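Residue-level listing of the chains:
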Amino acid sequence: MKYTRLTKEQLEELNQEFINFLATQSITGEEWAKIKKNTPEVAEEELDVFSDLIWEGVLTKVKYLENISEQQMHLFHLAEKEMKLIAVKVMNPEIDLTTKVGFEWFKKNWQSDFVDYMTASKAYTDDKNLDKFQLIRQGAVITKGDLYQWFESMMEVS
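Predicted model only: the values in this text are computed from it and were never measured.

Student: Quick question: what am I supposed to make of the overall build of the protein chain here?
Tutor: If you tally the helices and strands in the protein chain, you get 7 helices and 5 strands. Reading the secondary structure of the protein chain in the N-to-C direction produces α-α-α-α-β-β-β-α-β-α-β-α. By the compact-globule yardstick of 15 Å for 158 residues, the protein chain is too spread out, its C-alpha radius of gyration being 21 Å. With the C-alpha coordinates of the protein chain rotated into their principal frame, the extents come out at 65 × 35 × 20 Å. Taken across its 158 residues, the protein chain has 34% of its residues classed as buried. At a minimum sequence separation of 6, the contacts of the protein chain that also span at least 24 residues come to 68%.

Shown next, in the form of structure tokens:
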């Protein structure tokens, strides 16, 4: 398995896609029930293959990731040839960016001496989607990129 198996909830949400996946292998609902009962290891393998297919499709399309912790934000733009990063560090230990109050403080004070910024970029390895997946495993979430784009526009103005 290249990525991770989808959760039970994710699999339930993708029930129709999973049925279609089984159909491409000429596996009917009745046959699937037999496979689960008689050869659970084969059923597990099918779930793993399906999960990898779903992850591959999602990762191919994702363009932005965010990883926000109490004092830091890592905002990624997953461009065609490289990953671009805008890193934000708040040096006020009383501020927690994961709370509404902390983020409101940040919006008012983003240009203060209590906030540091860094930008970087990194080329992908031979497996671009696995690079993206590693960021998700480390806590990043898929976004539309509003925060990254806002920072990018502010940095161009400065």
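Student: Hey, could you run me through the side chain of Asp52 in this one?
Tutor: By the secondary structure assignment, Asp52 is in helix H4 (residues 40-61). Excluding its chain neighbours within four sequence positions, the residues that come into contact with Asp52 are Met1, Lys2 and Tyr3.

Student: I keep staring at the packing of helix H3 (residues 29-38) against H4 and nothing clicks. Help me out?
Tutor: Axes are the key here: two packed helices are described by the angle between their axes and the distance separating the axes. Where H3 contacts H4, the two axes come as close as 5 Å, and the packing angle between them is 120°. The orientation of H3 relative to H4 falls into the category oblique. Within the contact between the two elements, H3 uses Trp32, Ile35, Lys36, Lys37 and Asn38 and H4 uses Pro40, Val42, Ala43 and Glu46.

Student: I would appreciate a short explanation of the pairing of strand S3 (residues 82-90) in the present structure.
Tutor: Regular strands place their side chains on alternate faces of the sheet. Of the strand pairs in this sheet, strand S2 (residues 72-78) and S3 are connected by 7 bridges, and their pairing is antiparallel. Bridged to His74 within S3 is Ala87. Where S2 folds back on S3, the antiparallel hairpin that results is connected by 3 residues. Bridge count between S3 and strand S4 (residues 115-123): 9 bridges; the pairing is antiparallel.

Student: Where do I start with helix H5 (residues 100-109) in this structure?
Tutor: The periodicity of an α-helix, 3.6 residues per turn, causes residues three or four places apart in sequence to face the same way. Inspection of H5 places Gly102, Trp105 and Phe106 among the buried residues, and these make up the whole buried set. Summarising the axial view, the buried residues of H5 lie within an arc of 100°, below the 170-degree limit, and thus occupy one face. Set apart from the buried face of H5 by more than 90 degrees, the exposed residues are Lys100, Val101 and Lys108.

Thresholds, definitions, all that
Residues numbered from 1 in each chain as written. Predicted model: local features only at pLDDT ≥ 70, side-chain atom pairs only at ≥ 80, totals over all residues. Heavy atoms only, no water. Helix = DSSP H or I, 4+ residues; strand = E, 2+ residues; numbered from the N terminus. Rg over C-alpha atoms; globule rule 2.2 N^0.38 Å. Buried < 20%, exposed > 50% of the residue type's maximum accessible area, 1.4 Å probe, protein only. Contact = heavy atoms within 4.5 Å. Axes fitted to C-alpha atoms, helices over the stretch in contact; angles between N-to-C directions. Parallel < 35°, antiparallel > 145°, perpendicular 65-115°, else oblique. Pairing = 2+ DSSP bridges. Arc of directions from axis to C-beta.

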